[in-house]
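# Close look at the chain arrangement
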Number of protein chains: 2
Amino acid sequence: MDNLELIKQISITSPSKIVLLVIDGLGGLPHPKTGKTELETASTPNLDKLAASSICGLIDPVGPGITPGSTPGHLALFGYDPIKYNIGRGVVAALGIDFDLKPDDIAARGNFCTVDSSGLVTDRRAGRIPTEKCTELCKLLDEIKIAGVKLFVRPVKEHRLAVVFGGEGLSPEVSDSDPQQTGVAPKAVKALKPTARRTADIAKEFIAQAKAILAKHHPANMVILRGFSRKPELPTMDEIYKLKPAAIAAYPMYRGLAKLVGMQLMKTGPAITDEFDALKQNYAGYDFFFLHIKGTDSAGEDGDFNRKVNVIEEIDKALPALTGLKPDVIVVTGDHSTPALLKSHSWHAVPVLLYSKWCRADRVGAFSEQACIMGGLGRFPATQLMPLAMANALKLAKFGA
Amino acid sequence: MDNLELIKQISITSPSKIVLLVIDGLGGLPHPKTGKTELETASTPNLDKLAASSICGLIDPVGPGITPGSTPGHLALFGYDPIKYNIGRGVVAALGIDFDLKPDDIAARGNFCTVDSSGLVTDRRAGRIPTEKCTELCKLLDEIKIAGVKLFVRPVKEHRLAVVFGGEGLSPEVSDSDPQQTGVAPKAVKALKPTARRTADIAKEFIAQAKAILAKHHPANMVILRGFSRKPELPTMDEIYKLKPAAIAAYPMYRGLAKLVGMQLMKTGPAITDEFDALKQNYAGYDFFFLHIKGTDSAGEDGDFNRKVNVIEEIDKALPALTGLKPDVIVVTGDHSTPALLKSHSWHAVPVLLYSKWCRADRVGAFSEQACIMGGLGRFPATQLMPLAMANALKLAKFGA
C-alpha cells in the first residue's frame with residue numbers, strides 16, 4: 001500500500017479549512033556580501049510572526065540533491081510521489097491553457113525561438129515575444145494540415161505554446177526537438193519505440209511546415225517542441241483527501257497542474273493582492289486552497305536577488321489578508337529553491353511553516369532557511385506535507401485499532 | 001524507478017571535481033571522563049574550518065539502529081542501496097587482492113586462526129601473523145586438490161586470506177565455518193539450500209585438508225571461512241553518475257569495494273600522507289576521488305580511544321593537501337561509527353560535512369557528532385550523499401518539467 005492509499009483510507013470530511021501558500025522557488029542561497037539568502041534579507045514581520053506560532057522545517061521536494069521541475073515540485077506538495085507520477089511538460093502546458101485534453105491526445109510544449117541563417121538556435125525564447133504576437137503566430141500554425149491527425153496550436157504566454165496532436169494510434173514515446181541550448185540546430189524528433197514512428201513523422205512534418213510559415217517572422221522564426229506526453233490518470237485530491245480544493249494561480253502552468261489533481265480553478269488577476277483577494281472571495285465555498293505566487297521564481301531565474309527580496313516583502317504585506325480569514329491550517333513553503341545566485345531551480349531544501357491550533361509550535365521565531373533548520377519538523381520529503389496538513393485540520397482518522 | 005535509475009537519467013558530465021574523504025569508523029561515543037567523543041577530543045582546526053563553510057549533518061549508513069559492515073557502509077556512501085546490493089565478504093576479499101573473479105566463482109574470506117588441542121578456537125586471528133607468513137601458508141593450501149573444482153588460496157593481509165572455488169554448478173548458499181567467537185570449535189559448513197550440498201561438501205573437504213596441513217604451523221594451525229559469495233552485477237559509478245572515479249585506499253578490502261563499483265585503483269603507500277600525496281598526483285586525471293583512511297576504525301576496534309584521537313589529528317594535519325587542490329565538492333564522513341568504548345562497529349549516526357560554493361552553509365562551526373546535530377542536512381540516509389555531492393558539483397540536471 002503506498003502512502004496515498006493509506007491517506008485515502010483514513011481521510012475524513014470536516015468543515016476545517018487548509019490554505020497552502022506556495023511561494024514559487026522560495027529557497028535561496030546567501031548573498032556573498034551579506035551572507036543572507038533572499039528570504040533572510042527580506043523584511044517579513046508577518047511571516048516571522050506566523051512562524052513563531054507554527055512548527056517549521058525544511059522540505060526536499062523530490063529528494064536530496066534533486067533539482068525539481070515545477071511539475072514534480074508541485075505534485076510532491078499535493079502529496080503525490082513525483083517520481084511515480086512523472087508528468088510530461090506537454091500535458092502540463094495544455095492543461096494550463098484550459099485545453100480539454102482527450103485520453104488519446106499527445107501534447108507537446110513549444111517555444112517560439114530564433115534561428116540564424118545556418119539554422120542554429122540563437123535564442124530559445126525568441127526574445128520573449130509578447131503574448132499577443134505568440135497568439136498571432138499560433139493562429140498561423142493552427143492552419144497546418146497533416147493527414148490523419150487533428151492538430152491544435154495554442155498560445156500559452158510570451159514565447160510559449162502548446163501543440164496537441166489528436167487522433168488514434170499516436171504515441172508519446174518521441175524525443176524533443178528542443179536542443180535545450182543555443183548555438184546548435186533543433187534536434188530531429190525521433191521515435192523512442194518502434195510504435196512511435198508515425199508520431200515522430202507527424203511531428204517532423206509539423207515542424208517542417210511551421211519552419212516555412214515562420215521564416216519571415218524573425219525573431220520568432222522557428223518553433224522547438226519538447227515533453228510529448230499523454231494525460232496521466234491521477235487520483236484526484238477529492239478522492240484521496242475528500243477535500244473540495246480550490247486553486248488560485250495567475251500563471252497558466254500552475255492552473256494546469258491544479259486541474260490535473262482535480263482542483264477547481266478560481267478567477268484571479270495577476271497581482272499578488274489580486275490572488276489574496278480571490279482567496280477571500282472564494283473562501284466560503286471550499287475547504288482547501290492552493291495559492292500560488294510566481295514572482296519569486298521568475299526573479300530567481302533572472303538572477304535578480306533584490307527583485308526576489310521585494311516579491312517576498314510584497315507577499316508578507318499581503319499575508320494579513322490570509323491570516324485574517326483564520327484558516328484552521330496554514331502552510332507556507334515553496335515547490336523548490338530558485339537561488340538568484342544560480343539563476344535556476346536548485347536542489348536546496350525549502351523552508352516550510354505549518355500553523356494550526358494543534359501544530360505543537362517549536363522555538364523558530366523567523367521564517368528563513370537558517371531558522372527552519374532548528375524547526376520541529378526537521379528535514380523531510382515534501383510528500384509528507386499534505387498528511388501533516390490534513391492531520392492538523394483534524395481530517396485524518398486514527399490508523400489501526 | 002529506483003533512486004539510482006533516476007540519478008542515471010539526470011547525471012551529466014562536467015569538469016568539476018568531487019573528493020569523498022572516508023574516515024573509517026569515524027563516529028564515536030563520549031569518553032566517560034570527559035564526555036567527549038574521539039572526534040570531539042581531537043584537535044581538528046582544519047576540519048573545523050572546513051565545517052564552518054560547509055553544510056553538515058549526520059548520516060545513517062544502512063538505517064537507524066543498524067550496525068553496518070564495511071561493505072554496506074561503503075556501498076551506501078557510493079549511493080547504492082546496501083540492502084538491495086548485499087555483497088558477500090568473500091567477493092570483497094577476492095576483489096581486494098585483484099583476483100579476477102569469474103561470474104560462476106564462489107569466494108570465501110578466510111582467517112588463519114589458532115585452535116587448542118581440543119580443536120576450540122583460542123584466537124580468531126592467529127596472533128595477527130605477518131603477511132609474509134600468511135603468504136607462505138597460502139602457498140601450501142593452494143596445493144590442495146579437490147575433484148571437479150579449481151581452487152585458489154590467496155593471502156590478503158596478516159591473518160586474512162581469500163579462497164576461491166572455481167567451476168560449474170557451485171552455490172554461494174552455504175554457511176560460514178567461522179564461529180565469530182573463541183572458546184568454541186569452528187562450525188561445520190552447511191548447505192543452506194539443497195542445491196548447495198555439493199559446495200558444502202567441497203568446502204568441508206578443503207577445510208579438512210587445510211587442517212591437516214596447518215597442524216604443525218601454530219599459531220596459524222587452522223583456517224576458518226566466511227562470506228561464501230558470488231560476484232554481483234552492480235551498475236558502475238560511470239554508468240550511474242557519468243563520473244571517472246579514482247580510489248585511493250591502502251587497505252585491500254576497500255580497493256576491492258572500489259573496484260566493484262568501477263573505480264580505478266590508484267597506487268598509494270600505507271601512510272595517511274601517502275594517500276593524500278596519491279590524491280595530488282592523480283588529481284588531474286579523474287573527477288571523483290574516494291580517499292579511504294583505515295586507522296580510525298582499527299583503533300576503535302582495538303578499544304584504543306587515544307590512538308583513534310591521534311589518527312583523526314593526523315588526518316586533520318594532512319587536510320590542507322586536499323583543500324589546497326580546491327575541489328568543487330568536498331565530503332568528509334565515515335562509513336559507520338566505531339566507538340572505542342564498544343571496540344566494534346556500531347549503529348550510531350556518522351558526522352558528515354559537505355563543502356561547495358553552492359552548499360548553503362549552516363552555522364555549524366566544528367566537525368563533531370554534537371555540532372552536526374544542528375546542521376542544515378539534518379539526519380539522513382547515507383545513500384542520499386552522492387546525489388547531494390553530484391548536485392553541488394552541478395552534475396545533475398533538473399528532474400521533470
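First, a word on scope: everything that follows refers to the structure included in this document. Keep in mind that what you see is a predicted model, and the values were worked out from it rather than measured.

### Regarding the overall build of chain A
Per the secondary structure count, chain A includes 14 helices and 13 strands. On C-alpha atoms alone, chain A measures out to a radius of gyration of 22 Å, which is about the 21 Å that the 2.2 N^0.38 rule sets for 401 residues. Projecting the C-alpha coordinates of chain A onto the three principal axes gives extents of approximately 60 × 55 × 40 Å. A burial count over chain A gives 58% of its 401 residues as buried.

### Overview of the packing of helix H10 (residues 272–282) of chain A against helix H12 (residues 305–323) of chain A
Residue and element names in this part refer to chain A. Orientation of H10 relative to H12, taken along the N-to-C sense of each, is 20 degrees, at an axis distance of 9 Å. With respect to H12, the axis of H10 lies roughly parallel. For the element pair H10 and H12, the recorded crossing hand is right-handed. Packed against H10, whose contacting residues are Ile272, Phe276 and Leu279, the element H12 presents Val311, Glu314, Ile315, Ala318, Leu319, Ala321 and Leu322 at the interface. Residue composition of the contact of H10 with H12, by class: nine nonpolar, no polar and one charged.

### Section: the environment of lysine 343 of chain B
All names here are of chain B. Take lysine 343: it is sitting in the loop between strand S11 (329–333) and strand S12 (350–356). Relative accessible area serves as the criterion here: at 53%, lysine 343 is assigned to the exposed category. Those residues within four positions of lysine 343 in sequence are excluded, and the remaining contacts are Gly300, Glu301, Asp302 and Gly303.

### Description of the interface of chain A and chain B
When the parts of a complex come together, some accessible area is lost, and that lost area is often taken as the interface size. Residue-level contacts link 32 residues of chain A with 25 residues of chain B. Taking both sides of the interface into account, the surface hidden between chain A and chain B amounts to around 2,400 Å²; carbon and sulfur atoms contribute 65%. Remark: the boundary between chain A and chain B carries zero salt bridges. At the boundary of chain A with chain B, the tally comes to eight residue pairs in polar contact (both at pLDDT 80 or more). Among the elements of the structure, helix H4 (70–77) and helix H13 (369–373) of chain A are those that each provide at least two residues to the side of chain A that touches chain B. Here the side of chain A that touches chain B is built from residues that sort into 17 nonpolar, 12 polar and three charged.

### Concerning the sheet that holds strand S1 (residues 18–23) of chain A
Residue and element names in this part refer to chain A. Pairing is mixed across the open sheet formed by eight strands, whose spatial order is S9-S8-S10-S1-S11-S12-S2-S13. Two strands close off the open sheet at either side, each with one partner strand: strand S9 (264–265) and strand S13 (378–381). Taken together, the five bridges between S1 and strand S11 (residues 329–333) define a ladder with parallel strand orientation. Bridged to valine 22 within S11 is threonine 333.

### A few points about the sheet that holds strand S10 (residues 288–293) of chain B
Residues and elements named next belong to chain B. With mixed pairing, the eight strands of this open sheet are ordered in space as S9-S8-S10-S1-S11-S12-S2-S13. Of all the strands in the sheet, just strand S9 (264–265) and strand S13 (378–381) have a single pairing partner and so form its edges. Where strand S2 (residues 55–60) meets S13, four bridges bridge the pair, whose relative direction is parallel. Within the sheet, the bridge partner assigned to glycine 57 lies in S13 and is glycine 378.

### Remarks on the pairing of strand S3 (residues 106–115) of chain B
Residues and elements named next belong to chain B. Most of S3 sits inside the fold, with 10 of its 10 residues counted as buried. Both faces of S3 are covered, namely the face carrying Ile106, Ala108, Gly110, Phe112 and Thr114 and the face carrying Ala107, Arg109, Asn111, Cys113 and Val115. Bridging between S3 and strand S7 (residues 222–229) involves six bridges; their strand directions are antiparallel. Bridged to arginine 109 within S7 is arginine 226. Pairing between S3 and strand S4 (residues 121–123): two bridges, direction antiparallel. Each bridged residue has a counterpart across the sheet, and for valine 115 the counterpart in S4 is valine 121. Between the antiparallel neighbours S3 and S4 lie five residues, among them glycine 119 with a positive phi of about 85 degrees.

### Some details on the pattern of salt bridges
Residues and elements named next belong to chain A. For the structure shown, the criterion picks out 28 salt bridges over all chains. A salt bridge links lysine 102 to aspartate 100; its shortest N-O distance comes to 3.3 Å. Residue lysine 102 is classed as partly exposed on the basis of its relative accessible area of 44%. The exposure class assigned to aspartate 100 is exposed, which follows from its relative accessible area of 53%. Among the ionic pairs, aspartate 178 bridges to arginine 124, the shortest N-O distance being 2.9 Å. Within this pair, whereas aspartate 178 is found in the loop between strand S6 (160–166) and helix H7 (197–214), its partner arginine 124 is found in the loop between strand S4 (121–123) and helix H6 (131–141), the two being separated by 54 residues in sequence. The residues aspartate 178 and arginine 124 share a single accessibility class, namely buried. Connected through shared salt-bridge partners, Arg124, Asp178 and Arg226 make up one network.

### Some remarks on a nonpolar patch on the surface
On the surface, Met374 of chain A together with Ile373 and Met374 of chain B cluster together into a nonpolar patch covering about 300 Å² of accessible area. Inspection of the secondary structure puts isoleucine 373 of chain B in helix H13 (residues 369–373). Under the relative-accessibility criterion, isoleucine 373 of chain B is labelled partly exposed at 47%.

Reading the values: rules and limits
- Residues numbered from 1 in each chain as written.
- Chains lettered and ligands numbered in written order.
- Predicted model: local features only at pLDDT ≥ 70, side-chain atom pairs only at ≥ 80, totals over all residues.
- Heavy atoms only, no water.
- Helix = DSSP H or I, 4+ residues; strand = E, 2+ residues; numbered from the N terminus.
- Rg over C-alpha atoms; globule rule 2.2 N^0.38 Å.
- Buried < 20%, exposed > 50% of the residue type's maximum accessible area, 1.4 Å probe, protein only.
- Axes fitted to C-alpha atoms, helices over the stretch in contact; angles between N-to-C directions.
- Parallel < 35°, antiparallel > 145°, perpendicular 65-115°, else oblique.
- Left-handed = near helix turned anticlockwise from the far one by under 90°.
- Contact = heavy atoms within 4.5 Å.
- Nonpolar A, V, L, I, M, F, W, Y, C, P; charged D, E, K, R; others polar.
- Buried area = accessible area lost by both parts, 1.4 Å probe.
- Salt bridge = Lys/Arg side-chain N within 4 Å of Asp/Glu carboxyl O.
- Polar contact = N/O pair within 3.5 Å; in protein donor to acceptor, adjacent residues only side chain to side chain.
- Pairing = 2+ DSSP bridges.
- Patch = residues over 30% accessible without salt bridge, like charges linked within 9 Å, V, L, I, M, F, W, Y side chains within 5 Å.
- Areas by Shrake-Rupley, 256 points an atom, 1.4 Å probe, with all protein chains shown as cover.

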